[in-house]
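Reading the structure
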Amino acid sequence: MADPKGFILELDPVKRPKLQTLPERVVADIAWYNANRASTRRFHPVKGIEGAVIHATAGGTSAGALSWWKDPRGDPASAHWIVPAEIEAEHGKSVIAAVYEALAAWHVRNDKFNPKVNGGKKLINHWSLGIEIVNTQKAGDTYSDWQVATTALLVRYCWAKYPNFKWVCSHAAVDPARRSDPGTAFPWDKFVALVLADSGDAGLEIDAVAAGARDGVPCGGC
Ligand SMILES: [Zn+2]
């Protein structure tokens, strides 16, 4: 089993994919999470985004993660996306968006860093996007093919969208004393291959109707 502390990927800017859409469902109370579990980015919200951090929830459901983030007894925490587990209705269909990309979600402590990740730059929440995959990290809880492929799609989406996006790592890589997620069960090599594959998006379901409709709609300031 690979040690998640070594899950670090540096992307080649020359190989950036074309911009694509996400199969995404926004949580009903997204305004609450953005008001209470996110911060204004200290770096530029487009040019300042340089990577993504991969997490596991350590719980069994997306709803459980969302309610834990709300729980005053827990650490105030959040991430931009949640990738649902097999037992959930969203599995195979959509990821859950809880925090606007323009804001810093709270998924890595501000003083944490790894010298091999973005030159050891701290304030990781402020230059990254956080992806939580629903997985208990207990023995026998494997990651589904869809979860791995969808997490790769999220990373390809970020890579395509943000011009300086280059770093992908586990939470364990930047906070090894406290965190081991996404755990030894996460198939890092398979995930990296999907991130780097030119054809990596072909097998993923993207809503063709929504994509077509988007082409005809002005996108404001983007
Ligand atoms: Zn984590």
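Residues numbered from 1 in each chain as written. Predicted model: local features only at pLDDT ≥ 70, side-chain atom pairs only at ≥ 80, totals over all residues.

What follows is about the sheet that holds strand S4 (residues 51–56). If you trace the 7 strands from one edge of the open sheet to the other, you get S1-S9-S4-S8-S5-S6-S2, paired in mixed fashion. Edge strands, defined here as strands with exactly one partner in the open sheet, are strand S1 (8–10) and strand S2 (24–26). Taking each pair of neighbouring strands and ignoring which way they run, the sheet shows an average axis angle of 20°. Its contacts with the sheet place helix H4 (residues 145–161) against S4, strand S5 (81–83), strand S6 (95–97), strand S8 (128–133) and strand S9 (167–170), and it is angled at close to 170° to S8. (Pairing = 2+ DSSP bridges. Helix = DSSP H or I, 4+ residues; strand = E, 2+ residues; numbered from the N terminus. Axes fitted to C-alpha atoms, helices over the stretch in contact; angles between N-to-C directions. Contact = placed C-beta atoms within 7 Å.)

This paragraph deals with the confidence of the model for the protein. Looking at the protein, the pLDDT average stands at 90 and 89% of residues meet or exceed 70. In this model, residues 202–222 is a region of pLDDT below 50 whose contacts with residues beyond four sequence positions or in other chains number 13 contacts. (pLDDT = per-residue confidence, 0-100.)

A word on H4. Compared with an ideal rise of 1.5 Å per residue, which puts 17 residues at 24 Å, H4 spans 24 Å between its outermost C-alpha atoms and is within 8% of the ideal. Where burial is concerned, most of H4 is hidden: 12 out of the 17 residues are buried. Looking only at H4, the buried set comprises Gln 147, Val 148, Thr 150, Thr 151, Ala 152, Leu 153, Leu 154, Val 155, Arg 156, Tyr 157, Cys 158 and Trp 159. Against the buried residues of H4 lie S4, S5, S6, S8, S9 and helix H6 (188–196). (Expected span 1.5 Å × (residues − 1). Buried ≥ 20, exposed ≤ 12 C-beta atoms within 10 Å, placed from the backbone.)

This part takes up unusual backbone geometry. With an omega of 10°, the peptide bond between Asp 181 and Pro 182 qualifies as cis. As for its placement among the helices and strands, Pro 182 is situated in the loop between helix H5 (171–174) and H6. Positive phi, normally seen in glycine, also occurs at Ala 58, with a value near 70°. With respect to the secondary-structure elements, Ala 58 resides in the loop between S4 and helix H2 (62–70). Exposure remark for Ala 58: the 19 C-beta atoms within 10 Å place this residue in the partly exposed category.

Burial of S9 is two-sided: the residues Trp 167 and Cys 169 facing one way and the residues Val 168 and Ser 170 facing the other way are all buried. Note: S1 against S9, 3 bridges, orientation antiparallel. From the neighbouring strand, Leu 9 faces S9, where its bridge partner is Val 168. As paired strands, S4 and S9 are joined by 4 bridges and run parallel to one another. Following the sheet pairing, Val 53 is matched in S9 by Cys 169.

This part covers H2. Residues of H2 that are buried include every one of Ser 62, Ala 65, Leu 66 and Trp 69, and no others. Along H2, the residues classed as buried sweep out an arc of 95° about the axis, all on the same side. Looking at the packing, one finds that the buried side of H2 touches helix H1 (30–36), S5, S6 and S8. (Arc of directions from axis to C-beta.)

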